[in-house]
Amino acid sequence: MATQTERDTREILKAVEGAAGQLPSAERRQFLRKALTAGAGTFAGAAFAGLSIAHAADVPASAGSKYPPGLPPWSRTLGPGVDWQPYGMPVKYQADVIRRQVAWLTQSPQASVNFSPLQHLNGTITPNGLFFCRYHSGCAQINPAEHRLLIHGMVERPLLLTMDDLMRYPAVSRTHFVECAANGAMEWKRAQLDSLQYTHGMLSCAEWTGVMLSTLLDQVGVKKGAKWLLIEGADGAKMARSIPLWKGLDDCILAYSQNGEALRAEQGYPVRAVIPGFEGNMNIKWVRRIKVSDRPWYTREETSEYTELRPDGKALAFDFYEDAKSVITFPCPEVPPQHGKGLYEIRGLAWSGRGKIKAVDVSFDGGANWRPAQLQGPVLTKSLTRFTVPWQWDGGPALLASRALDETGYVQPTIDELRAVRGDRGVYHNNSIQVWQVTAEGKVHNVQLA
Ligand SMILES: Nc1nc2c(c(=O)[nH]1)N[C@H]1C(S)=C(S)[C@@H](COP(=O)(O)O)O[C@H]1N2
Ligand SMILES: [Mo]
């Protein structure tokens, strides 16, 4: 006797067959196209009506099959109870989806970075366990009961806050990306790493919850003449950066929560600064002190590491913004097009430290021709935005590239345009257009066009 699942599946198959399956092929295509566009309401939906995926009727469903309408073993047994995994973990089939470091890049894993696996992520939020990590002196392990936050300097009423105190202030939740200024640093001279994870993985995005820095500055009362904020971390590096006061009064957050749960130790538990759109380094983790001042604090970081040497030999300092940038996440070196020639959905990420993404163009020929991609909403400021565009691959070599435009009108440059201003000894702020070369064999390589 057939089970309910089998009966339901048959019903569904019959309905689909009745509606489309019996029609002559031209009309059937039209029916499917209408159904799809009605659902998606976009040109992308229409384009994909032609996607050649095996029709249900083509799949033989023998009685003993584990595929529907047959029943697999796990549909005939009980699974473990609700208490099997008090904190949920990814399924074992995702064991490859992990952060990775480039072993030769740094001398020690304490002063290093690991990269987020962008090639395996969807949407715009980075799962907490896969958020990229950048440490200068390892990951501080802090008991929140022993943590204090001092706000002092040019203020009327200095404050020494416990975490409990901090959490009593009005809370906000906002989605912002963090990108290390060194993201793409290894690609300044030439295309070096055949990997999306390593070319762009110093980038992640989360919904941060915490207190607006402006709320606390209001509490302490900033004195006249103040212009800068020194923000200092509690890790061994005591990493400190100076932030312009206007930025602190604008949109910075002292965050204690990341995607709904407490910050991970890696991201600065119990509290980090989120400085939307500014280089990752300024997003100080494990924050213990904020000093209000009339001048920037020239730390070693600022005077040596986080400046950029220009072709004229002068150094560029206080270059805070992560400018508009984008990258195609599918296909990419790690995840090539695997089904031969035909229709694919190109997917990617775009972001800008200066505001919202306004448009993304995609090229299939290395930038000779561009076509507008579709942005997936919501498009948030200083956050990641997904884009997609259908691609009819003819099976021959192709050069895929994406180019972001932000709401200020700024257009993502090519690597040569950037080199013209910065030279090729640059390290930071490589926001150039990424080109993926697709070969006729279906491999994808990181290339730079001459
Ligand atoms: N206290 C402290 N804050 C820090 C760092 C650090 O080493 N110590 N690294 C900075 C750098 S260089 C970057 S790119 C970001 C990375 O944030 P993430 O590790 O949460 O991705 O944190 C910044 N904040
Ligand atoms: Mo960084």
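Starting from 1, residues in each chain are numbered consecutively following that chain's sequence as written. Chain labels run from A onward and ligand labels from 1 onward, assigned in the order the entries are written. Local features are withheld for residues below a pLDDT of 70 in this predicted model, meaning they are given only at 70 or higher, and side-chain atom pairs are given and counted only at 80 or more; totals for whole chains, interfaces and linings count all residues. Side-chain figures throughout are based on the complete set of non-hydrogen atoms in the structure, without hydrogens or water.

Quick notes on the sheet that holds strand β8 (residues 240-244)
Okay, so step 1: On the basis of which strands lie adjacent, the open sheet formed by five strands has the order β4-β3-β12-β7-β8 and mixed pairing. Of all the strands in the sheet, the pair left with one neighbour each is β4 (159-161) and β8. On average, each strand axis in the sheet is inclined to that of its neighbour by 15°, with strand direction left out of account. We treat two strands as partners when DSSP finds at least two bridges between them. The way it works is that DSSP assigns letters per residue, a run of H or I at least four long becomes a helix, a run of E at least two long becomes a strand, and they are numbered from the N terminus. Axis angles are defined between N-to-C directions and span 0 to 180 degrees, where every axis is a line fitted to C-alpha atoms and, for a helix, only to the segment in contact.

So, the packing of aromatic side chains
Okay, so step 1: The criterion for an aromatic pair is that two Phe, Tyr or Trp rings (for Trp, the six-membered ring) have centres within 6.5 Å, with stacked assigned to planes under 30 degrees apart, edge-to-face to planes over 60 apart and tilted to the rest. Considering all chains together, one arrives at 12 aromatic pairs under this definition.
Okay, so step 2: Relative to Tyr 198, the ring of Phe 115 lies with its centre 5.3 Å away and its plane at 85°, an arrangement referred to as edge-to-face. Taken together, the residues Phe 115 in the loop between β1 (112-114) and β2 (133-135) and Tyr 198 in helix α5 (residues 196-200) connect sequence positions 83 residues apart.
Okay, so step 3: Three labels apply to residues, based on accessible area from a 1.4 Å probe with only protein chains included: buried if under 20% of the type maximum, exposed if over 50%, partly exposed otherwise in between. Look at Phe 115 and you get buried, because its relative accessible area is 0%.
Okay, so step 4: Among the aromatic residues, those joined into a ring-pair cluster are Phe 330, Tyr 344, Phe 364, Trp 391 and Trp 393.
Okay, so step 5: A positively charged side chain is recorded as over a ring if its NZ (Lys) or CZ (Arg) lies within 6 Å of the ring centre. The angle to the ring normal must also be within 35 degrees. Over the ring of Phe 278 we find Lys 247; its NZ or CZ atom is 4.5 Å from the centre of that ring.
Okay, so step 6: Directly above the aromatic system of Trp 370 lies the positively charged group of Arg 403, at a separation of 4.2 Å from the ring centroid.

A closer look at the state of the cysteines
Okay, so step 1: Two cysteine sulfur atoms make up a disulfide if the distance between them is within 2.5 Å. This structure, assessed with the given rule, holds zero disulfides.
Okay, so step 2: Left unpaired, Cys 133 is separated from the closest cysteine sulfur, that of Cys 139, by 7.2 Å.
Okay, so step 3: The buried category is assigned to Cys 133, whose relative accessible area is 3%.

Structural notes on the side chain of Thr 329
Okay, so step 1: With respect to the helices and strands, the residue Thr 329 is situated in strand β15 (residues 325-330).
Okay, so step 2: Between N or O atoms, a polar contact is any pair within 3.5 Å; within protein, one atom must be a potential hydrogen donor and the other a potential acceptor, and residues adjacent in sequence are included only when both atoms are from side chains. Engagement of the side chain of Thr 329 in a polar contact is seen with the side chain of Arg 386, the distance being 2.9 Å.

Some remarks on the sheet that holds strand β19 (residues 374-376)
Okay, so step 1: Within the open sheet, the four strands sit side by side as β15-β16-β20-β19. Their pairing is antiparallel. Both outer strands of the open sheet, β15 and β19, are each paired with one neighbouring strand and no more. Here the strands of the sheet are splayed against their neighbours by 35° on average, with no regard to which way each runs.
Okay, so step 2: Pairing between β15 and strand β16 (residues 342-351): five bridges, direction antiparallel. Each bridged residue has a counterpart across the sheet, and for Ile 328 the counterpart in β16 is Gly 348.

With respect to the nonpolar core
Okay, so step 1: The criterion is simple. A nonpolar core is a set of buried Ala, Val, Leu, Ile, Met, Phe, Trp, Tyr and Cys residues joined through side-chain atoms within 4.5 Å. Counting 32 residues, the largest nonpolar core has Leu 166, Ile 231, Leu 254, Val 287 and Ile 290 as the members making the most contacts within it.
Okay, so step 2: Among the elements of the structure, β3 (149-153), α4 (163-168), α6 (213-220), β7 (228-233), β9 (253-258) and β12 (287-293) are those that each provide at least two residues to this core.
Okay, so step 3: What Ile 290 contacts, discounting residues up to four positions off in sequence, is Leu 149, Leu 150, Ile 151, His 152, Leu 213, Leu 229, Leu 230, Ile 231 and Leu 254.
Okay, so step 4: Leu 203, Phe 330, Val 335 and Val 444 belong to the second largest nonpolar core, which has 30 residues in total. The contact definition used throughout considers only heavy atoms, calling two residues in contact when any of these lie within 4.5 Å.

Quick word on the pattern of salt bridges
Okay, so step 1: Definition used for salt bridges: Asp or Glu carboxyl oxygen within 4 Å of a side-chain nitrogen of Lys or Arg. For the structure shown, the criterion picks out 14 salt bridges.
Okay, so step 2: Between Glu 279 and Arg 241 there is a salt bridge, with the nearest N and O atoms lying 2.9 Å from each other. One end of the pair, Glu 279, is in the loop between β11 (272-274) and β12; the other, Arg 241, is in strand β8, with 38 residues separating them in the sequence.
Okay, so step 3: A relative accessible area of 2% places Arg 241 in the buried class.
Okay, so step 4: Asp 251 is the partner of Lys 247 in a salt bridge, and the nearest nitrogen-oxygen pair spans 3.0 Å.

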